[in-house]
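Examining the three-dimensional arrangement
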Amino acid sequence: MKKIINDPDRFVDEFIEGILLAHPDKLKAPGDDNRILVRADAPVAGRVGIVTGGGSGHLPLFKGYVGTGLCSGVAIGNVFSSPSSEQVFEATKAVNGGAGVLYLYGNYGGDVLNFDLAADMAELEDIETKTVLGTDDVASQPKERKSDRRGVAGIFFAYKCAGAAAERGDSLDEVAAIAQAAVDNTGTMGIGLSPTILPAAGKPTFELPDGEMEIGIGIHGEPGIHRGALESADEIADRLTGPIFEDLGLASGDRVAVLVNGLGATPLEELYVLYRRVAQIAADAGVTIEKNYVGEYATSLEMAGASISVLKLDDERLALLNAPADSPFFREV
Amino acid sequence: MKKIINDPDRFVDEFIEGILLAHPDKLKAPGDDNRILVRADAPVAGRVGIVTGGGSGHLPLFKGYVGTGLCSGVAIGNVFSSPSSEQVFEATKAVNGGAGVLYLYGNYGGDVLNFDLAADMAELEDIETKTVLGTDDVASQPKERKSDRRGVAGIFFAYKCAGAAAERGDSLDEVAAIAQAAVDNTGTMGIGLSPTILPAAGKPTFELPDGEMEIGIGIHGEPGIHRGALESADEIADRLTGPIFEDLGLASGDRVAVLVNGLGATPLEELYVLYRRVAQIAADAGVTIEKNYVGEYATSLEMAGASISVLKLDDERLALLNAPADSPFFREV
Amino acid sequence: MNAAELKAAITAAMTAVAGHADELRDLDAALGDGDLGITVSSGSKAVVEAIGKLGDEVTPADIAKACAKAFANANPSTMAALVAGALLAGSKTWADSADVDQASAADFMQAAADSIGKRGKSEVGDKTILDALVPAVSALRDAPDAAAGLSAAIAAAERGVRETRELQSKRGRASWLQERSVGLQDPGATAFLRFLQSWPAP
Amino acid sequence: MNAAELKAAITAAMTAVAGHADELRDLDAALGDGDLGITVSSGSKAVVEAIGKLGDEVTPADIAKACAKAFANANPSTMAALVAGALLAGSKTWADSADVDQASAADFMQAAADSIGKRGKSEVGDKTILDALVPAVSALRDAPDAAAGLSAAIAAAERGVRETRELQSKRGRASWLQERSVGLQDPGATAFLRFLQSWPAP
Ligand SMILES: Nc1ncnc2c1ncn2[C@@H]1O[C@H](COP(=O)(O)OP(=O)(O)O)[C@@H](O)[C@H]1O
Ligand SMILES: Nc1ncnc2c1ncn2[C@@H]1O[C@H](COP(=O)(O)OP(=O)(O)O)[C@@H](O)[C@H]1O
Ligand SMILES: [Mg+2]
Ligand SMILES: [Mg+2]
Ligand SMILES: [Mg+2]
Ligand SMILES: [Mg+2]
C-alpha cells in the first residue's frame, strides 16, 4: 500500500481536520461532529440551502463544492460509504436560512435512504426539503432508465448551476428545477486503468490487470460496459464521448460545457491529451464547447483513469456556470 | 503501463495542443513552435517579462504558471528534459516588452546551459536578461551549497512573488531581487512512494519496492537522503518539515506560507492529512502559517508522493502572494 | 422468549454472522462495491455493544429499536439503512408485549419486509434481500412450532438465495451491471440467510 | 583526413556509439536521471542525418558546426549542451583549413575541453566528462602518429573513466547524491570513451 496516512480508521477525521485547519475562513463545522461542514457564513437568511454528501475518497467531491455560489453544506461518510441520516439532518439544520433546503447528491442506495430519512426528520422540524439526484453515468443504465443511473463527476455541473441560482435568491422549487435540468442534460462516461485501495481494507477494490482498461467504470470501481486491452487516448475519447453525445441527442449547432476529469493517479498532461480529442469530436459534430474544465473534480483515491462529462447548454445554464463561485477547491470569478 | 496516450513521441505536442484548445483566451503560441507558450497579451509594453521552462511531465509546472501576475512565457522540453536554447530565445523575444526579461527556472544542468545560451542570443539583440534559479530542495545539498541545490515545487513562491512584482511595474533588477529573495527564503523536501514511467521509455525511472519510501526525493525521482519502510503520515511530515524549518532558521514569531504538494498519484485527502500535521508542528514552534496551498502544484507524472515547501514571509512577500494572478491553472483574486 | 432471552439470542446470532463477513464482501464485490462485509462486521459489533448497554427493564420492542439505531450508524450503507428501517417497522408490531413467540416473530418479519419493499421501492424478484426474506416469513408462520419454523424459514431463504442467481438485479448498485448481474448470487439475500442460520435453535 | 573522410568517420563513430545507449542510460540512472541513453541515441541519429544533408563543398569546421547544432537540439540535456558548445569551440580552431591531422585534432579537443570547463564551471576531478577528455588530449598530442594517438587517447580515457569511480560528483545532477556518488562511474566520461573507441582507426 502506497499511502501517506496514520491510523486508517482515523483517515477521514484527520483529513477533515486538515481541511478545517487550512480553510477556516471558508468552511466551518457547525457542531461537535466534524463530519458535517458548512460554508463559513451559513445559514444565509432567505436563501435556499443546498446540502450534499456521500462517501469520502472523492476530493474535491463532495466537500470541495461547499462555498458561495455552490453547495451550502455537506455530510461526510467514511471512505466510499454514506453519511448517516442524523449527519445529513444536522447539515440541513445548519444551512437552513428559512427558504428550504435542496438535497443534491449522487444516486447511491445508501445515500438515498439516509437523505430520505433526514428529509423526514427535517419535515418534523418544518424545514422544507427537495431532492435532486445526480444520475449522469451513461454507462450504468440505458436512457429509458436515466433516473436509475449512478451519479459521477457530472454532478459538478448541477452544483454550479443550482448554487448560482440559490445565491441569486431563487426559490426552492426554482433551484430544484435548475438542478434537475442540469442533471437531465448531463452525461458522463469514465475509464479506469487501475483499482483503488481503501485505507481501512488495505486491498484493491477490484482486479484490473496492468495493460487493461474498463470503459464505463464508476467512481467506486463499479464495472462498466467494456473491458479490454488498453487503447490509445483518441480511441478512448471516442468510446467515452460517442455514447454521451448520443444520449444527450447533440446535433450541429448545440452548445456544451465539457469536463475532463482525472480519477486520481492520471497526470494532468493525459487529461489534456483527452481534451484535445474531445475538442476535435465536438468540432466535427458542429457542437460548440462554450466552457471547459480539465483537472481533478471527482476522484476515486488513487485510481488511474479519467471521465468525460458533457452538459448541454442554454443561455441560462451558461450564465449560471459563469456566475461567481468560491470554495477552497473551486473558484469562478 | 497505465497511460492514456497516443504515440509516446507525440505526447508532449498533443497535450500542448489540448492546452491551447482549452485556454485560447489565456495562452498563445507566438510562433510556429507550440513548445513556446506565452500569456495571451504578451508582450506587455514596459513590463519585465518572466520566462520559465524545463522538461514536461510536471503540470501545472511550468506552463501552468504563465498568466497575469505570474510568468510571461515558457519554453517546454520533452518529458523530463530541457527545452533548447533556441526555444528559450524565442520565448524571450515574444515576452520582451522593453523592460528586460527575467529567466526563472529550476537549477538543472541542461536547463542552465540552454538558458545561458539563450541569454547570449538575447544580448546580441539588445534584450537585457537576468537569471534566478529555483534551488529550494533542502535534501539535495547542505546549506553552504544552497545555490547548487535543485529546484522543486517551492519555485511556485518565486513565480508568485516575481510575477506580482513584474505586474506592478518593478524594474528587472527589482523583480530579480524579489525572485532571489523568495528562493533564498524557501525550503522544500519531498517523499516518493512509487516511480514514474516515462511515456517514451515505457519503464520506471527508478526502483522503489511497494511499502518503501524515499525521503528527500527529487521531482524526476532523484534519490533523497533516506530510504526505508513506509512510515505514518505524521512521521513523514516530521521528517520533511524538520530540516526545512532548520534550514530557514525559523523561530517563534516567524510567519510563513506553506505548500503541501502532491506528486501525482497521491490523493488530495492524504495531502490534507499531511497539512494537519504541518499545522501542528508550526503551532508548536510558534510559527504562524499566513497562507497555505494544498494540492498539485509540481508533479512527476503519476509518481505517488508529496512535498512540503515553506516560504519565510515578510510583509512584502505576503502582499505579493496575495496580489491577483490568473492562469488556467492558478488563480488568486 | 422474554427480553433477556431475546438479547442473548441476538448477541449470539450477530456474533456468529460476523464470521461470514468475508463471504459477503466477496459477493458484494462481484455485484456491487464490496462493503457489505464491513456493514455486517461493524454493524454486528455495534449491535452487540448496544445490547450490552441496555438495562433489564426493556421490552423486546426496545431491544429491536436499539439494534436499529446501532446498525444504522455503524456503516450507513444501503443494507444498514434498509435493515434499520425494517427493525423499526417490526418493533412497532410488538408494542409493549414482554414476550416474543412464533406468531409475533412472523408479524415482525412481515412488517420488516414491507418496510424494505416500501423504502427500497423493490419487490420479490428484483434480486434483493426480499427474495430470501419474504418466503422465510410464510415458512415461519405456517410451521407447526417455533423450532420447525426456524428450519422451514432457513430452507425457504436458502431456496430464495439460490434463485437470486438466475435473476437480473433491478435495484441498487447491482442493477448497473444490467444483464451481467445474471449468474451472481445476491449478497443482501445471502446476509439474511446467514443471519437466520446463526440464530440459536429454539 | 579531408572533409569527406571526416564525414565518413563521424558517421561511423556516431552509429557505433549509439549501440552503447543502454549502458549509458543505466550509468546515468544510477547517478542522475537516466536520459543520457536518449541524448546519445537521438543525438547520434540527428548528427548522422545532418551530415548526410551537407554538400560537398564544406570544410571540416562546417561539419563540426553542423554536428553541434544537430546534437544540441536532438535532446537538449546537459551533455548535449556541453558537447554542442565544445564542438563549436573546437571548430573555431580549424578555421578554413581543408584537412584535419593529429595536431589539429588535439587542438580541437583542447578547445572543446576548455569550453566544457568554462560553461560547466568544472575541472578535472569533479567527476565529469573532463576526467576522460582532458587526459585524452595530452595522450593524443604526445603520441608519435595518429594511429598511436588514438590508442593512447583511448587508454588515457579508460584510465580517467576508471578513476571517476573513486570521486565524489561535484557537478550536475550527480552532485546531489553527495557522498553516495562515490563508487559509481561517471556516465558522461564513459560516453566520451565509447565515442573514442568507436572512431575508425586511422
Ligand atoms: N432498493 C433495494 N431494495 C431492497 N434491497 C436492496 C435494494 N438495494 C439494495 N438492496 C440489497 O442490498 C444489498 C447490497 O447492500 P449494500 O452493500 O449495503 O449496498 P451499497 O453498498 O450499494 O450501499 C443487495 O445485495 C440487495 O440485497
Ligand atoms: N557542470 C558540468 N561540467 C562538466 N560536465 C558535466 C557537468 N554536469 C554534468 N556533466 C556531465 O554530464 C553527464 C550527465 O549528462 P546528462 O545526463 O545529459 O545530464 P542531465 O540529465 O542532468 O541533464 C555527467 O555524467 C557529467 O559527465
Ligand atoms: Mg491526484
Ligand atoms: Mg494527479
Ligand atoms: Mg455494497
Ligand atoms: Mg541525465
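Residues numbered from 1 in each chain as written. Chains lettered and ligands numbered in written order. Predicted model: local features only at pLDDT ≥ 70, side-chain atom pairs only at ≥ 80, totals over all residues. Heavy atoms only, no water.

If you check an unreviewed UniProt entry, chain A appears there as Dihydroxyacetone kinase subunit DhaK from Cryobacterium tepidiphilum.

**Things to note about the site of ligand 2**
Filter applied, for reference: Whether a residue is near a molecule or strand is decided by its heavy atoms; if any one of them lies within 4 Å of it, the residue is near. Two N or O atoms count as a polar contact when they lie within 3.5 Å, although within protein this holds only if one can serve as hydrogen donor and the other as acceptor, and sequence-adjacent residues are included solely when both atoms are side-chain atoms. The way it works is that DSSP assigns letters per residue, a run of H or I at least four long becomes a helix, a run of E at least two long becomes a strand, and they are numbered from the N terminus. Gly falls in the polar group here, along with every residue not listed as nonpolar (Ala, Val, Leu, Ile, Met, Phe, Trp, Tyr, Cys, Pro) or charged (Asp, Glu, Lys, Arg).
The environment of ligand 2 is made up of 21 residues, and the closest members are D:Asp35, D:Thr78, D:Gly120, D:Ser122 and D:Asp186. Nearby residues around ligand 2 are contributed by chains B and D. Interatomic distance of 2.9 Å between a backbone N/O atom of D:Gly120 and a nitrogen atom of ligand 2. For the shell around ligand 2, the secondary structure elements donating two or more residues are helix 5 (78-94), helix 6 (102-120) and helix 9 (187-198) of chain D. By residue class, the composition of the shell around ligand 2 is seven nonpolar, eight polar and six charged.

**Some points on the pairing of strand 4 (residues 73-79) of chain B**
All names here are of chain B. Test applied: Note on classification: 1.4 Å probe, protein chains only; a residue is buried when its accessible area is under 20% of the maximum for its type, exposed when over 50%, partly exposed between these limits. In this scheme, strands are said to pair when DSSP sees at least two bridges between them.
Most of strand 4 is tucked away: six of the seven residues are buried. For strand 2 (residues 36-39) and strand 4, the ladder comprises three bridges, and the chain directions are antiparallel. Bridge pairing links Leu37 to Val74 in strand 4. In this structure, strand 3 (residues 49-56) lies alongside strand 4, joined through five bridges in parallel fashion. Bridge assignment links Thr52 to a residue of strand 4, and that residue is Val74.

**What to know about the coordination of the magnesium ion (ligand 6)**
All names here are of chain D. Quick note on the threshold: Only nitrogen, oxygen and sulfur atoms qualify as donors, provided they sit within 2.8 Å of the metal or within 3.2 Å for Na, K and Ca; with water excluded from the atoms, sites may seem incomplete.
For the magnesium ion (ligand 6), every protein donor is listed as Asp28 (OD), Asp33 (OD) and Asp35 (OD), and the spread of their distances is 2.0 to 2.2 Å. Donor residues binding the magnesium ion (ligand 6) come from one chain and are separated in sequence as D-x4-D-x1-D. On the accessibility criterion, Asp33 (17% relative accessible area) is buried. With relative accessibility at 15%, the residue Asp35 sits in the buried group.

**Brief notes about the coordination of the magnesium ion (ligand 4)**
Those donors, A:Glu296 (OE), B:Gly264 (O) and B:Glu296 (OE), are the protein atoms that reach the magnesium ion (ligand 4), and they lie 2.4 to 2.8 Å from it. The distance between the magnesium ion (ligand 4) and the magnesium ion (ligand 3) comes to 2.6 Å, with A:Glu296 serving as a donor to both metals. Of this pair, A:Glu296 sits in the loop between strand 11 (288-295) and strand 12 (305-312) while B:Gly264 sits in the loop between strand 10 (255-262) and helix 7 (268-285), each in a different chain. Its relative accessible area of 4% is what places B:Gly264 among the buried residues.

**Examining the environment of B:Pro142**
The criterion, for reference: Contacts are assigned to residue pairs with any non-hydrogen atoms lying within 4.5 Å of each other.
By the element assignment, B:Pro142 lies in the loop between strand 6 (129-134) and helix 4 (155-167). Take B:Pro142: its relative accessible area is 30%, and that puts it in the partly exposed class. Here the alpha-carbon distance between B:Pro142 and B:Asp247, two residues 105 residues apart in the chain, equals 9.0 Å. Other than its neighbours up to four places away in sequence, B:Pro142 contacts B:Arg149 and D:Gln178.

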